[in-house]
Amino acid sequence: MSEAMTRRRPKESSAASAEPAPPLAILFELSHRCPLQCPYCSNPLALERARGELDTAAWMRVLDEANDLGVLQVHFSGGEPTVRKDLEDLVAHAARLGLYTNLITSGVLIDRARLERLAEAGLDHLQLSIQDSDPAEADRIGGYTGGHERKMALAAWVEEIGLALTVNAPVHRHNLERLEDIIELALSLGAGRLEVAHVQYYGWGLKNRAALLPTRAQLERATKIVEAARERLKGTMVFDYVVPDYYARRPKACMGGWARQFINVTPSGQVMPCHAAETIPGLDFDNVKDRPLSEIWRESQAFTRFRGTAWMPEPCQSCDQREIDWGGCRCQALAIAGDAAATDPACARSSDHEALLALAEAESHAPAPAFAYRRFSAAD
Ligand code: SF4
Ligand code: FES
């Protein structure tokens, strides 16, 4: 999404600065409703019902506040954002403000007329998720019969209408053997960018980790395929490659660093530094209904808790990588080490690293259990 970086931004603040630089992007989880049931969905296990969602006026106000704060990009996501009838109005308002607009969609609910309306409203970019290159497998993984066919139709309309397209392909042990076909499929759909994203183990992905985690050999094969395709398709299709931390030696700078670049707003208006932050005990999340976004970004407890480097334990505190990876992922530290303030176990310097590797080896070689599909529970 670097094409969005056209507006002048204030200088980056230092890690220790009291005044953080403005966020690059805001992600609106407009709704948790979704016709698909992907077992690696990044939404929380406790999904928000429609009655809890912000109304149109509230989302419009958050767009104004995000723009005033200096945000450049707005990602309309979910769940499935097209379940919201006001999506065109929100896109139009964001476009009027000069924000770069991206729609992150499963693609199964949009017909051509609606896509045209969204393009007319000013949509810049569409990110289409695919589950597999094989239609039957894709529908099985997404838990939605006929979904793959609808996605293919949507991609064709995107090309005809002239919108920029990214294909997002979450990969895991059920589809990695078809990675070459997935790349060919994205190419045939006219994608300018393909995100080959190994599933990240938070939310539903964590719940389904034993069913999804690839072996180290599968990961290494996938990396070779992506590297070769990236070289071969230079100038035609750009690759983003997200690896699973479980086999890494250094963690990723999750979200570009806690509260450094991104804001996530849940369907009910809670403001979070990442989509999984709700799992962390002891964080207080403000709501856009109660507090201006700029104040939340600058001084809310959840955003300041792990911003910068002061919170870091050793060995991070004296590590030369600390302003590169910003200590990795807090949600992963919680999920694996049981402490969100611990060194990310993906780091070889963490005392939990060997245990993480052992877990990955054991789980990825065991028979895969059945998926726990993402569904609203009967009690919700
Ligand atoms: Fe990153 Fe901490 Fe590991 Fe250093 S010790 S590489 S800062 S996670
Ligand atoms: Fe929450 Fe990485 S997903 S910090």
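Residues numbered from 1 in each chain as written. Chains lettered and ligands numbered in written order. Predicted model: local features only at pLDDT ≥ 70, side-chain atom pairs only at ≥ 80, totals over all residues.

J.: Which residues make up the overall build of the protein chain, and what values do they have?
T.: Per the secondary structure count, the protein chain includes 13 helices and nine strands. Relative to the globule expectation of 21 Å for 380 residues, the C-alpha radius of gyration of the protein chain, 20 Å, shows essentially globular dimensions. The principal-axis extents of the C-alpha atoms in the protein chain amount to approximately 55 × 50 × 50 Å. The contacts of the protein chain with a sequence gap of at least 6 include a subset with a gap of at least 24, amounting to 72%. (Helix = DSSP H or I, 4+ residues; strand = E, 2+ residues; numbered from the N terminus. Rg over C-alpha atoms; globule rule 2.2 N^0.38 Å. Contact = placed C-beta atoms within 7 Å.)

J.: If you had to explain helix α2 (residues 87-97) to someone new, which residues and values would you point to?
T.: Burial in α2 covers these residues: Leu87, Leu90, Val91, His93 and Ala94. Looking down the long axis of α2, one finds its buried residues gathered within 165° of arc, a one-sided arrangement. Just downstream of α2 lies Gly98, where phi reads positive at about 90°. (Buried ≥ 20, exposed ≤ 12 C-beta atoms within 10 Å, placed from the backbone. Arc of directions from axis to C-beta.)

J.: Summarise the site of ligand 1; cite the residues concerned and give the values.
T.: Among the 14 residues in the neighbourhood of ligand 1, the closest are listed as Cys316, Cys319, Gln321, Arg322 and Cys347. Of the residues assigned to the shell around ligand 1, the class counts are five nonpolar, four polar and five charged. (Near = placed C-beta within 6 Å. Nonpolar A, V, L, I, M, F, W, Y, C, P; charged D, E, K, R; others polar.)

J.: Requested: an account of the packing of α2 against helix α3 (residues 112-121), with residues and values cited.
T.: Two numbers describe how α2 lies on α3: the axes approach to 8 Å, and their chain directions differ by 20°. Relative to α3, the element α2 lies roughly parallel. Every pair of crossing elements has a handedness; the one defined by α2 and α3 is right-handed. Judged by residue contacts, Leu87, Glu88, Val91, Ala92 and Ala95 of α2 engage Arg117, Leu118 and Ala121 from α3. (Axes fitted to C-alpha atoms, helices over the stretch in contact; angles between N-to-C directions. Parallel < 35°, antiparallel > 145°, perpendicular 65-115°, else oblique. Left-handed = near helix turned anticlockwise from the far one by under 90°.)

J.: Lay out the nonpolar core with the relevant residues and their values.
T.: Soluble, globular proteins show a tendency: their nonpolar side chains are buried together. Counting 96 residues, the largest nonpolar core has Ile26, Phe28, Val74, Phe76, Val167, Ala169 and Ala186 as the members making the most contacts within it. Residue contributions to this core peak at five residues, all from helix α6 (residues 179-188). Excluding anything up to four places from it in sequence, Ile26 contacts Ala66, Val71, Val74, Ile263 and Val265. (Core = buried A, V, L, I, M, F, W, Y, C linked by C-beta atoms within 7 Å.)

J.: Can you tell me about the sheet that holds strand β8 (residues 262-265), naming the residues and giving the values?
T.: Pairing is mixed in the open sheet, where nine strands are placed in the order β7-β6-β5-β4-β3-β2-β1-β8-β9. For this open sheet the edge positions go to β7 (238-242) and β9 (271-272), each flanked by a neighbour on one side alone. Direction of pairing for strand β1 (residues 25-29) relative to β8: parallel, over a ladder of four bridges. Each residue of the ladder has a partner; that of Phe28, found in β8, is Val265. The strands that helix α5 (residues 147-161) touches are β4 (125-129) and β5 (164-171); relative to β4, the one it contacts most, it runs at about 160°. (Pairing = 2+ DSSP bridges.)

J.: Please set out the environment of Pro81 residue by residue, giving values where relevant.
T.: Mapped onto the elements of the fold, Pro81 is located in the loop between β2 (73-77) and α2. On the neighbour-count criterion, Pro81 (23 C-beta atoms within 10 Å) is buried. Distance from Pro81 to Ser106, taken between C-alpha atoms, is 8.9 Å for residues 25 residues apart in sequence. Excluding anything up to four places from it in sequence, Pro81 contacts Leu30, Ser31, Phe76, Leu87, Leu103, Ile104 and Thr105.

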